[in-house]
Structure formats: structure tokens, C-alpha cells
2 protein chains.
Amino acid sequence: MKKTILVFAALIFSILLLFQLGEYSLITGNVTIEIVIAIIALVFFGIGVVLNKKSLQQKKENQPQSEIDANKIEELEITNREYEVLQAVSEGLSNKEIAEKLFLSESTIKTHVSSLLSKLNAKRRTQAVQIAKELQII
Amino acid sequence: MKKTILVFAALIFSILLLFQLGEYSLITGNVTIEIVIAIIALVFFGIGVVLNKKSLQQKKENQPQSEIDANKIEELEITNREYEVLQAVSEGLSNKEIAEKLFLSESTIKTHVSSLLSKLNAKRRTQAVQIAKELQII
DNA sequence: TTCAGCCTCATACTAAAGTGCCAAATCGCT
DNA sequence: AGCGATTTGGCACTTTAGTATGAGGCTGAA
């Protein structure tokens, strides 16, 4: 916030300077009024663009649509291992492939998948993935 | 594009009018130069904001992350029916459920799924869904 | 140390999913 | 009418998935 205030102060100061310069130039007759106005217009146009861009950026950062995980995982009582398996399942891996990936037996994966299905209230792994995505768990 | 040209023409015309009005007011002595400059500054500031917003919007429309389908479906030679089945599969439905939904036999669904798998180069339906999402086909 | 919860694995089945092959019906196009 | 692609479906099998049940090992908390 300190930074913002400093920037604004500098900005206002610059603008005032610009005004003074414009009037001074006019009085001394160095430039015509059209040029002064054109410069001022350009400067403000630029300020408008920059400020707008910044405010839009902030918006983006504040609310990115795909907010990753959540504490819903806890609510559903999904354990660490189960979550790992869930992720692997969502990548389209078979039980055997998941087993190899995690250095476990296929039986173990089946156990985990089974409990995942009941916790996610799904009948098939495809449905589980669907539900998990809706809950933004993956 | 016609619209854009018209808008720009109107904009430029308005600005010229503004300039003329400003000079006229100055000459007749109705307002001070500061006010004229302030108005011009404000107007250009506004123009900057609006134009910037529009250009950013266009960017968004041109490349929004979740651009729905694509002509990749054609490239992959996926037929209409197959695509319908693909969507159903991605919803986590079983072959039987898809069959009921589309008023077809389970055999037919299996045929469609099978050809989908080979076209998407997948080994399992879960993988097919994954790949389809990467290709932004669903 | 006792115990609940998690992780691991096995066995035995049942149920889905997938494959291959074939074939009839439909549809758009020439 | 004839052709090619699509759609539909059956049958016989092989592979995965999923369920049920049981059980041993590990760990942190009471």
C-alpha cells in the first residue's frame, strides 16, 4: 500500500508540473495551445490505460476460477494414499499402472479405489473422477 | 469491422469538436484554460480505460482457456454418435446407462466406445476422457 | 501398552469393460 | 440404383474393475 501512495503522489506531482509547464509555455509563446492540449491528452490516455490494466490484473489474481484443492478432502475423510490414488485414476491409469507407479500391489490399489468410490459416493472410477472434479478436489 | 470504423470516426469527430469547443470557450473567455485542459484530460483518461478494456476483452475471447469444442473432432474422424457416447462416458456413465440414455443396446455402446478408444489412442475409457479434455474436445 | 486408524496385501468372486468378427439397416451422394 | 460411411447389434472371449472378507504391520494418542 505504501508503494501505491508514493506512486500516486508522484503521479499527481507530475501532472501539476505538466500543467504549470503548459501554462508557462503558453505565456512565453513557445508552443501553441493545441500542442499543450495534445500532450496532456496523450498523457492522460496513457494513465487511463495503465491504471485500468493494473486494476484488471488485481481482479484476476484475486479470483482465479480454478481454485485448486479444498478442505473438502478432509470432510470426505479421504486419506493421503487414497488421494494419491484418486489423482492417478483421474489421469486415466489402470489399477496395475497405479500399482507400479506407487510401488504397491494391485490389490492395494483396488482397496483404495473401492473406499474412494464409497467416500465419493460413486459407482465407477469414471464417475468418481467426475464427482471429484465437481468438488474441485482435483 | 464496419462497426469499429464507424466508432472510430465518431470518436475522432467528437475529439475535434471538443478541441474546437475548448478554443471557442477560451476565446470568448467563458472558461479558464485550466478547466478546458481538465476536461480534455478526463475525456482522454476515459478513452484510455475503455479502449484498453475492449482490447483485453478481445484477447480473452480469442484465447479463453476453456474454449469449448474444436475441429479436432473432425481431424480424429470422430462421428456424431461416437461424440455423444464420449460425452456420456465423460459424465461417468456405464455402458448400460449410456445405452438406456440413448435408447440403444449395450453392444452398440461397446462398439462406439471401442472405436473411440482407438481414435483417441487410449486404452481405457478413463484415459479417453483425459485425452479428450486435453484436446479440449469436451 | 493398548487401541484406533491407516496402509498393505491376498483370495475368491461378480460385474463391467473391451476386443474381434460379422452383418443388417440407414443415409447421403452421385 | 449403387457406393461408402455410419449406425446398430449380436456373440464369444479376455481383461479390468470392483466387492467382500480377513489379516498383519505401523504409528500416534490415551
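See above for the structure.
Everything in this summary refers to the structure shown in the same document. Every value quoted in this text rests on a predicted model; they were computed, and no experiment measured them. (Residues numbered from 1 in each chain as written. Chains lettered and ligands numbered in written order. Predicted model: local features only at pLDDT ≥ 70, side-chain atom pairs only at ≥ 80, totals over all residues. Heavy atoms only, no water.)

**Some details on the protein's contact with DNA strand D**
- Around DNA strand D, the structure places 18 residues, and the nearest of them are A:Lys110, A:Ser114, B:Thr79, B:Arg81 and B:Ser105.
- Within 4 Å of the protein, the atoms of DNA strand D are drawn from sugar and phosphate moieties in a proportion of 74%.
- Between DNA strand D and B:Thr108 there is a distance of 2.9 Å, counted from a phosphate oxygen to a side-chain nitrogen or oxygen.
- Mapped onto the surface near DNA strand D, the elements with two or more residues apiece are helix H6 (106-120) of chain A together with helix H4 (80-90) and helix H6 (106-120) of chain B. (Near = heavy atom within 4 Å. Polar contact = N/O pair within 3.5 Å; in protein donor to acceptor, adjacent residues only side chain to side chain. Helix = DSSP H or I, 4+ residues; strand = E, 2+ residues; numbered from the N terminus.)

**Quick notes on the protein's contact with DNA strand C**
- Close contacts around DNA strand C come from 18 residues, with A:Thr79, A:Arg81, A:Ser105, B:Ser114 and B:Arg125 the closest.
- The sugar-phosphate portion of DNA strand C accounts for 74% of its atoms within 4 Å of the protein, the bases making up the rest.
- Note that a phosphate oxygen of DNA strand C is positioned 3.0 Å from one of the side-chain N or O atoms of A:Thr108.
- One nitrogen or oxygen atom from the main chain of B:Arg125 is found 2.6 Å from a phosphate oxygen belonging to DNA strand C.
- If you list the elements that add at least two residues to the surface near DNA strand C, you get helix H4 (80-90) and H6 of chain A together with H6 of chain B.
- Taken together, the residues that form the surface near DNA strand C break down as three nonpolar, 10 polar and five charged. (Nonpolar A, V, L, I, M, F, W, Y, C, P; charged D, E, K, R; others polar.)

**Topic: the side chain of B:Ser90**
- Mapped onto the fold, B:Ser90 is located in helix H4.
- B:Ser90 gets classed as buried once you look at its relative accessible area, which sits at 16%.
- Within the structure, B:Ser90 has its side chain in polar contact with the backbone oxygen of B:Gln87 (distance 2.7 Å).
- When near neighbours in sequence (up to four residues on either side) are disregarded, B:Ser90 contacts A:Gln130, B:Val129 and B:Ile138. (Buried < 20%, exposed > 50% of the residue type's maximum accessible area, 1.4 Å probe, protein only. Contact = heavy atoms within 4.5 Å.)

Everything listed here is a matter of coordinates, which is why it stays silent on function.
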